[in-house]
Amino acid sequence: MSTSSDSLVAFGQQHVTRGLGRLTEAVMTKGEGSYVTFEDGRKMLNFSCGIGVTNLGHCHPKVSKAAADRCVNIVHAQCSISFHGPYLRLIEKLLPIMLDPSLDSFFFWNSGSEAIEASLKMARQITGQQNIISMQG
């Protein structure tokens, strides 16, 4: 595959599954703050900033440093394998600001879908019941 911008766009149009629209048929090469730059030199204000994953902007210095520092030790510490320090330290910071002392159990996930899946698994574990009833409307 050639690395020219036009050939990368053509490659993407052919091999990236359709179904999601794109604002532009171009290749982003850099993000800084709320702006992204494309291979052709255009700069665009990115109103979504990565749909929440970069809500502090692209390449925020503090976030980039924290990520780089963390990657030196471990990239992803799966919470279903063991505890890890940053996860527990975040809980330690959140406990004092919870609205009620009974809100003392934490479960961080990536998306609403994963949170719903986890709540179903926890409900099954806590109740000992395996069936789930759902309704719409």
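For the structure, see preceding data.
A brief look at the structure comes next.

A few words now on the pattern of salt bridges. Evaluation of the coordinates by the stated rule reveals 5 salt bridges. Across the salt bridge formed by aspartate 40 and arginine 42, the nearest N and O atoms sit 2.8 Å from each other. Between lysine 121 and glutamate 117 there is a salt bridge; the shortest N-O distance is 3.1 Å. Of this pair, lysine 121 and glutamate 117 both sit in helix 4 (residues 112-127), separated by 4 residues, roughly a single helical turn.

What follows concerns the sheet that holds strand 1 (residues 28-32). What links the strands of a sheet is backbone hydrogen bonding, and the strands pair in either a parallel or an antiparallel sense. Here we have 3 strands laid out as an open sheet, ordered 1-2-3, and antiparallel in their pairing. Lying at the two open borders of the sheet, with one neighbouring strand each, are strand 1 and strand 3 (43-45). On average, each strand axis in the sheet is inclined to that of its neighbour by 25°, with strand direction left out of account.

All right, on to unusual backbone geometry then. Phi is positive for cysteine 59, close to 60°, though the residue is something other than glycine. Positionally, cysteine 59 belongs in the loop between strand 3 and helix 2 (61-73).

With 4 bridges connecting them, strand 1 and strand 2 (residues 35-38) associate as antiparallel partners. In the strand pairing of strand 2, glycine 31 is matched with valine 36. What sits between the antiparallel neighbours strand 1 and strand 2 is a turn of 2 residues, in which glycine 33 has the positive phi angle 65°.

Cut-offs and rules
Residues numbered from 1 in each chain as written. Predicted model: local features only at pLDDT ≥ 70, side-chain atom pairs only at ≥ 80, totals over all residues. Heavy atoms only, no water. Salt bridge = Lys/Arg side-chain N within 4 Å of Asp/Glu carboxyl O. Helix = DSSP H or I, 4+ residues; strand = E, 2+ residues; numbered from the N terminus. Pairing = 2+ DSSP bridges. Axes fitted to C-alpha atoms, helices over the stretch in contact; angles between N-to-C directions.

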